[in-house]
Structures are given as structure tokens and as C-alpha cells.
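Chain by chain, the residues run as shown.
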Amino acid sequence: MYSMGKSTDVSTPRICDFVWRDGEFIKWDDARVHVMSHVLHYGSSVFEGIRCYATKRGPAIFRLREHMQRFLNSAKIYRMEHDWSIDDFCNAAIELVQKSELEQCYIRPILFRSLDEEHPAFGVNPFPNPLTCYIGAWDWGKYLGDEAIEKGVDVCVSSWNRLTPNSLPAMAKSGANYMNSQLIKMEALVNGFAEGIALDDRGYISEGSGENIFVVSNGIVNTPPLSSSVLPGITRDSVLQIAQQLGFTVKERAIQRAAIYVADEVFFSGTAAEITPIRSVDRIQIGSGKRGEITAKIQKVFFEITAGEREAPGPWLTYVREQKARAVDDSKIAATGGNNGSGKVTPEPTVESKLVAKAAAVAVD
């Protein structure tokens, strides 16, 4: 619980003993970074957050390729040139979950500028510093608390704005952006709220410290456009597709701060937060002060999909145990001279190209 301005989000019951580093698996305890690494001094990192859900068919990673495509996009924006492909990262995540033996977990890929110890460089210029990539995993519960999914959370509008699009790009999930997020989060916690909502540089609603936001008014599901310094969230895109599939009108448009006070429903979306209702903003009750009907319907479908109990709008789940069996089959093909000699696990192609194209189109609106 909140105390002296400090709070933990959730407990960490179990961590995977292995970490993927630059193409190989090492022990968690051996995953270390030099204190003079560029990333520690200048925030030069990009990362992802991906959930793996427990299903009747075993662990299933949610929208793996879309997350890894965004990971690649973030690296490209920050001129982090490397030789890894989307399949390399997808395969690494799958194998990491297999090694972890966790039924559900949170997967964290991170690419950063480290230190060449033989030829160290200490300036802001990032180019002399080598790139290092890690992927870790741990069992992570509900980000905003176990009760939040049903009862909702109390939030505030932060005094800290989101960064302007031409200052630090919100389209990239970079470590540096999350210093801004920390200011938003800390301010909320010390004032007794679970989370903060940031405005963009024009005063319109942007997003939470680590979540996208949806505002439901008169049956219409609204969300800020990417031009409001919004991260192109994978869960955000999932909510948009689910809402449309349920027959709701969905609009991406600028939202005034006052509009959330008089909204019927407001909720967060994100890999960590999943779909979390907001019951009050700045101590003003939203709607009935509890999870709204439309939020509940979208939430129900989302959790049915992630549990493998309902068909998704696309191939959103990568079933890890089935991928393991497929990897064995691939190795047999390679041994007999078949045309798939890589032995790699290649998840089914998904609609990430559509997501990326959509994000790019909205970003220029």
C-alpha cells in the first residue's frame, strides 16, 4: 500500500532463471551491465512488454509479432542498426518461455547501447557504443492491482505533460520516454491516486504513464489519436478491433480534459494494465463510479481471447508448447535435407504490417 510516497505495483512471485542475450541463453544472475554503459548515463534504450497467458493449450504469447515489430520500429527510429530479424526475436521469446516453465509471464525485450571496454566512449554521441539485447521474463500479476480489473481505479490528471512529438518520439517505446512516465506516476502516488493521465502539449488527453486511454460517451468508444503523443499500443489496437467487432462506433480523435469528467466510462489499456476501468478522475466520479457496461463487454472478450476460449480477430496467440513440437518437426526436416534447414520456430504471420501502416497514417493526421 501507499506509504511515504513509495508504492510497489505488484509482487513478483517468480522470475525465469534464464535470460536471452545477443543470441544465447545465460543465467539471470549473469545478466550484468557495466556501470559506465551509455544507456545508464543517457537513457539510450528501447524495449517491449509482452504478456504470455495461461490457456488450456498451454502458455500462449499475446500478439508476439506485433510487439516485436514495434520493437524493431523503435530501434530504427533511434538509429540502432543490428542484424537481428523479427523471427530471431520471436524465436528467442518462445524459447525463453519454454525454458522458464512458467504457465504465464511478462516478457521484456530490451535493446540498448552498452560499453566497449577496450575502447570506451563517454560522450552523448551514441554511435561508438555497441548494442546489446536482452530478453527476460517473470510472472507478473495485475499491474494496477488484482481488484482494479473489476472495481476500477482512482486517477488524476497530471501536472506533467507528455513530450511533444518532435522532442522525443512517442511512437518509439524508449527508456528515455519513461522518465516522463515516472514523473507522472510518482506525482499520482504521492497524492493518493493509482495512476496519472498526461495531457499533450496542446492540452488534450494523451495517455497514462504506461497505458493508453479510452473514453466512452453516448455509446461511442473514443481514444486519442497517435498525434497526441500516444504510443501505438498493441492492446490499444486490440481494443479498437474488439470494439468494432462488438458493433460499437469507434473514433480516434482529440479529447478535451473536461470530456473525461462527464464521460459515461473511462478505461486504460496496455500490456501490463490489460483493460482497467477508471472509476474517478481528480476525485470526480466517472459514470456510476464502477466498471461500465461497454468496458465490461470489451474486457470480457479480451480475456476470453487471451485465455484461448474465443477466436481472435487475427492470429493473436502463439502457443508455446505447440511451437516446441513444431521446432522438433523442423529439426527432423533439417536432418533429412528438407527445405526448412534453419530449425527455427517461426510463428504464423500476423497483421502487424497493417498495425504499423495504420500507426504511421494516424501519426501524420
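One structure accompanies this document, and this report is about it. Quick caveat: nothing in here was measured; it's all calculated off a predicted structure.

1. Observations regarding helix α2 (residues 64–77)
Here's step 1: In this model, α2 (14 residues) spans 20 Å end to end at C-alpha, consistent with the 20 Å of a helix rising 1.5 Å per residue.
Here's step 2: The buried fraction of α2 is high, at 11 of 14 residues.
Here's step 3: Taken together, the buried positions of α2 are occupied by Leu 64, Arg 65, Glu 66, His 67, Met 68, Gln 69, Arg 70, Phe 71, Leu 72, Ser 74 and Ala 75.
Here's step 4: In the stretch just after α2, Arg 79 is the one whose phi turns positive, near 55°.

2. Brief notes about the environment of Ser 227
Here's step 1: One can find Ser 227 in the loop between β13 (220–223) and α6 (234–245).
Here's step 2: A sequence separation of 27 residues divides Ser 227 from Ala 254, and the C-alpha atoms of the two residues are 8.8 Å apart.

3. Topic: empty space enclosed by the protein
Here's step 1: Per the stated rule, a full pass over the model turns up 3 cavities of 30 Å³ or more.
Here's step 2: If you add up the space inside the second largest cavity, you get close to 40 Å³.
Here's step 3: Around the second largest cavity, the lining residues are Ile 50, Arg 51, Tyr 53, Phe 62, His 67, Thr 235, Gly 270, Thr 271 and Phe 302.
Here's step 4: Of the residues forming the lining of the second largest cavity, the biggest block, 3 residues, is contributed by strand β5 (residues 50–53).
Here's step 5: By residue class, the composition of the lining of the second largest cavity is 4 nonpolar, 4 polar and 1 charged.

4. Considerations on the packing of α2 against helix α3 (residues 86–100)
Here's step 1: Taken N-terminus to C-terminus, the directions of α2 and α3 make an angle of 125°; their axes are 9 Å apart at the nearest point. Judged by the inter-axis angle, α2 sits oblique to α3. The chirality of how α2 crosses α3 is right-handed. Across the interface between the two elements, Leu 64, Arg 65, Met 68, Gln 69, Phe 71 and Leu 72 of α2 pack against Ile 86, Asp 87, Phe 89, Cys 90, Ala 93 and Ile 94 of α3.
Here's step 2: Among the residues forming the contact of α2 with α3, the class breakdown is 9 nonpolar, 1 polar and 2 charged.

5. Things to note about the packing of aromatic side chains
Here's step 1: Throughout the structure, instances matching the rule amount to 14 aromatic pairs.
Here's step 2: Summarising the aromatic geometry, the rings of Phe 112 and Tyr 134 are spaced 5.8 Å apart at their centres and angled 5° between planes, so their arrangement reads as stacked. Of the two residues, Phe 112 is situated in strand β7 (residues 105–113) and Tyr 134 in strand β8 (residues 131–139); the sequence distance between them amounts to 22 residues. Of the two residues examined, Phe 112 and Tyr 134, each falls in the buried class.
Here's step 3: Ring centres of Phe 214 and Phe 267 lie 5.0 Å apart, and the angle between their planes is 10°; on these two criteria the pair is classed as stacked. Of this pair, Phe 214 sits in strand β12 (residues 212–217) while Phe 267 sits in strand β15 (residues 265–270), and the two are 53 residues apart along the sequence. Comparing Phe 214 with Phe 267 shows no difference in burial state: the two are buried.
Here's step 4: A network of ring pairs unites the aromatic residues Tyr 53, Phe 62, Phe 302, Phe 303 and Trp 316 as a single cluster.

6. Things to note about the layout of surface pockets
To find leftover empty space, one rolls a probe the size of a water molecule over the atoms.
Here's step 1: Size it by volume and the largest pocket reaches roughly 840 Å³.
Here's step 2: What lines the largest pocket is a set of 43 residues, and nearest its centre among them are Phe 47, Tyr 178, Ser 181, Ser 209 and Gly 210.
Here's step 3: At the level of secondary structure, the elements contributing two or more residues to the lining of the largest pocket comprise α2, β7, α5 (177–190), β11 (205–208), α6 and β15.
Here's step 4: Residue composition of the lining of the largest pocket, by class: 16 nonpolar, 18 polar and 9 charged.

7. Here's the deal with the environment of Ser 280
Here's step 1: Position of Ser 280 relative to the elements: it lies in strand β16 (residues 274–281).
Here's step 2: Given a relative accessible area of 10%, Ser 280 falls into the buried group.
Here's step 3: Along the primary structure Ser 280 and Asp 154 are separated by 126 residues, whereas in three dimensions their C-alpha atoms are 4.9 Å apart.
Here's step 4: If we ignore the near neighbours within four places in the chain, the residues touching Ser 280 are Val 153, Asp 154, Val 155, Gln 285 and Ile 286.
Here's step 5: At 2.7 Å, the side chain of Ser 280 forms a polar contact with the side chain of Asp 154.

8. Looking at the nonpolar core
Here's step 1: Ile 61, Leu 64, Met 68, Phe 89, Ile 107, Leu 111 and Ile 135 are the most contacted members of the largest nonpolar core, which totals 29 residues.
Here's step 2: Broken down by secondary-structure element, the contributors of at least two residues to this core are β5, α2, α3, β7 and β8.
Here's step 3: The dominant element in this core, judged by the number of residues it contributes, is α3, at 8 residues.
Here's step 4: Formed by 22 residues, the second largest nonpolar core is a distinct cluster that contains Tyr 53, Phe 214, Ile 305 and Leu 317.

9. Comments concerning the pairing of strand β9 (residues 153–157)
Here's step 1: Extensive coverage of β9 is indicated by the burial of 4 of its 5 residues.
Here's step 2: Bridge count for β9 against β16 is 3 bridges, and the pairing is parallel. Within the sheet, the bridge partner assigned to Asp 154 lies in β16 and is Ser 280.
Here's step 3: In this sheet, strand β10 (residues 195–199) lies alongside β9 in parallel orientation, the contact comprising 3 bridges. Paired with Val 155 across the bridge in β10 is Glu 195.

10. Comments concerning α5
Here's step 1: Along its 14 residues, α5 runs 21 Å from first to last C-alpha, staying within 8% of the 20 Å computed at 1.5 Å per residue.
Here's step 2: Looking at α5, one finds that the buried residues are Asn 177, Asn 180, Ser 181, Ile 184, Lys 185, Glu 187, Ala 188 and Leu 189.
Here's step 3: Structurally, α5 contributes buried residues whose contacts are with β9 and β10.
Here's step 4: Directly beyond the C-terminal end of α5, a positive phi value near 85° is found at Gly 192.

Criteria and thresholds
- Positions within a chain are numbered from 1, following the residues in the order the chain's sequence is written.
- It should be noted that, the model being predicted, local features are given only for residues of pLDDT at least 70 and side-chain atom pairs only at 80 or more, the latter also being counted only at that level, while totals for whole chains, interfaces and linings use all residues.
- Based on all heavy atoms of the structure, the side-chain values leave hydrogens and waters out of the count.
- A run of H or I in DSSP becomes a helix once it reaches four residues, and a run of E becomes a strand once it reaches two; helices and strands are each numbered from the N terminus.
- Under the convention used throughout, the expected extent of a helix is 1.5 Å for every residue step, that is, one less than its residue count.
- The buried label applies to any residue whose accessible area, calculated with a 1.4 Å probe on protein chains only, is under 20% of its type's maximum; exposed applies above 50%, and partly exposed to all values in between.
- Cavity and pocket criteria rest on a 1 Å grid covering protein atoms alone: a 1.4 Å probe that fits but cannot get out defines a cavity, protein on both sides within 12 Å along at least 5 of 7 lines defines an open pocket, and an atom within 4 Å of a point defines a lining residue.
- Grid points are joined across faces, edges and corners, and a volume is the space filled by probe spheres set on the points.
- Classes in brief: Ala, Val, Leu, Ile, Met, Phe, Trp, Tyr, Cys and Pro nonpolar; Asp, Glu, Lys and Arg charged; the others, Gly included, polar.
- Axis definition: a line fit to C-alpha positions, over the contact stretch in the case of helices; interaxial angles, taken between N-to-C directions, run 0 to 180 degrees.
- The labels follow the angle: roughly parallel below 35 degrees, roughly antiparallel above 145, roughly perpendicular from 65 to 115, and oblique for the rest.
- The handedness criterion is simple: a crossing whose near helix is rotated anticlockwise from the far helix by less than a right angle is left-handed, and one whose near helix is rotated clockwise is right-handed.
- In what follows, residue pairs with any heavy atoms lying within 4.5 Å of each other are defined as contacts.
- Ring pairs shown here join Phe, Tyr and Trp side chains whose ring centres sit within 6.5 Å, with only the six-membered ring taken for Trp; geometry is labelled stacked below 30 degrees between planes, edge-to-face above 60, and tilted in between.
- Polar contacts, as counted here, are pairs of nitrogen or oxygen atoms within 3.5 Å of one another; within protein the pair requires one atom able to donate a hydrogen and one able to accept it, and residues that are adjacent in sequence qualify only if both atoms are side-chain atoms.
- By nonpolar core we mean a set of buried residues, namely Ala, Val, Leu, Ile, Met, Phe, Trp, Tyr and Cys, connected to one another through side-chain atoms within 4.5 Å.
- For two strands to pair, DSSP has to find at least two bridges joining them.

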